[in-house]
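Summary of the model geometry
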Amino acid sequence: MPKVVWRFFMRKIHSHFVIDYYSYRSGLGRWNPLLKIIFTLAALLAVIGTEDIQIAGITFLCMVVLVIKIGKVPLEEYGRLLMVPAVFIATGAIVVLLQFEEGGTLLWKWKNLILEVYITKENLKQASILVAKSFSAVSVLYMLSLSTPIGEILQELKKWHMPSIVLDLMYLIYHYIFILLEINHKQKEAAKARLGYRDWRIAIRTFAKELSNLLILSLQKSNTYFDAMEARGYCGELNFLVEKKPVTISQLLVVGLYLAVTVFLILKKWAWFLFIK
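Quick summary incoming for the structure in this document.

Parameters at a glance
- Residues numbered from 1 in each chain as written.
- Predicted model: local features only at pLDDT ≥ 70, side-chain atom pairs only at ≥ 80, totals over all residues.
- Heavy atoms only, no water.
- Pairing = 2+ DSSP bridges.
- Helix = DSSP H or I, 4+ residues; strand = E, 2+ residues; numbered from the N terminus.
- Contact = heavy atoms within 4.5 Å.
- Axes fitted to C-alpha atoms, helices over the stretch in contact; angles between N-to-C directions.
- Phe/Tyr/Trp six-rings, centres within 6.5 Å; stacked < 30°, edge-to-face > 60°.
- Buried < 20%, exposed > 50% of the residue type's maximum accessible area, 1.4 Å probe, protein only.
- Parallel < 35°, antiparallel > 145°, perpendicular 65-115°, else oblique.
- Left-handed = near helix turned anticlockwise from the far one by under 90°.
- Salt bridge = Lys/Arg side-chain N within 4 Å of Asp/Glu carboxyl O.

What follows concerns the sheet that holds strand β3 (residues 116–120). What the 3 strands build is an open sheet, ordered β1-β3-β2; its pairing is antiparallel. Pairing within the sheet leaves two strands with one partner each, and these edge strands are β1 (98–99) and β2 (106–111). The sheet contact formed by β1 and β3 spans 2 bridges and is antiparallel. Within β3, the residue paired with Gln-99 across the bridge is Tyr-118. The strands touched by helix α6 (residues 121–145) within the sheet are β1, β2 and β3, with β3 carrying the most contacts at an inclination of about 70°.

One pass over the full model with this rule turns up 4 aromatic pairs. Here the aromatic rings of Tyr-21 and Tyr-22 are separated by 4.9 Å at their centres, their planes lie at 70°, and the arrangement is edge-to-face. There is no split in this pair, since Tyr-21 and Tyr-22 are both buried. With centroids separated by 5.4 Å and ring planes inclined at 75°, the aromatic side chains of Phe-39 and Tyr-258 adopt a geometry described as edge-to-face. Pair noted here: Phe-39 is in helix α3 (residues 33–49) and Tyr-258 is in helix α10 (residues 249–276), with a separation of 219 residues, a long-range link.

Counting buried residues in β3 gives 4 out of 5 residues, a clear majority hidden from the surface. As defined by bridge partners, β2 adjoins β3 across 5 bridges and the pair is classed as antiparallel. Across the sheet, residue Lys-111 finds its bridge partner in β3, namely Glu-116. Adjacent in sequence and paired antiparallel, β2 and β3 are bridged by 4 residues.

In this fold, Leu-130 is placed in helix α6. Note: C-alpha distance between Leu-130 and Gly-92 (38 residues apart in sequence) is 8.2 Å. In this structure Leu-130 touches Gly-92, Ala-93 and Val-96, once residues within four positions along its chain are discounted.

The contact between helix α4 (residues 53–70) and α6 brings their axes to 8 Å, and the two run at 30°. It follows that α4 is roughly parallel to α6 by the angle criterion. Remark: the crossing between α4 and α6 carries left-handed chirality. Residues Ile-53, Ala-56, Thr-59, Phe-60, Met-63, Leu-66 and Val-67 of α4 touch α6, and the partners they reach there are Ser-128, Ile-129, Ala-132, Lys-133, Phe-135, Ser-136, Ser-139, Val-140 and Met-143.

For the coordinates displayed, the defined rule picks out 6 salt bridges. We note a salt bridge from Glu-156 to Lys-159, for which the minimum N-O separation is 3.6 Å. Placement of both Glu-156 and Lys-159 in helix α7 (residues 150–159) is noted, with a separation of 3 residues, approximately one turn of the helix. Given a relative accessible area of 54%, Lys-159 falls into the exposed group.

This is the structure:
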């Protein structure tokens, strides 16, 4: 019961902090951050570099199992996170799916006096591949972001000799997004309490006022937080205290199993392609 209450509290009060919250509490947080980054890059390369729905599907299932079973992220919360990119993925898939002139193997058509819309077998295949690859890539990035605090990621990138100014900007922008979301959340709750969204006309006016007020408050917050950074000894470079997390055999087995299956599917596809030729 306490876990249910705690999840409800986190969802209602701090729903915009979900990614940052679970990155610190994830069961995958004990994994070595460098291994997770390499795993992420390898999975992204496998998904984006191939046109194989099988690889995309296996990658998606693997990442979902890791995040939900090992990372202990609730399935409902993970589904809500997927809804945001799903809107953009669906929009892109519709653009690829529809065509406005004849050609290809026709599956469906719709005509009126001024417009003709066609769906072909080739477009359906391209749209399916796009959806599969997109969701798979999103799941890979969610695996990293829901299990690794931003400080650990930037500390590893610093070892790769990335410029300090780039890493500092990444960290500040990342956290400032949450600051702006928190300000916007409080503004919206205050507006709702004052019936600022009771009809369409008033809602538009309230939203415009929120945006203008958000700009002013964000500038004030930026000055306040920079003063706080200087008071804590900021001298042009951010340093992170990161716990050492060794690579374990179980971690290597999970990553190795995924890579072995992926490489097998790639080689199988190329062998079939060469055989056909």
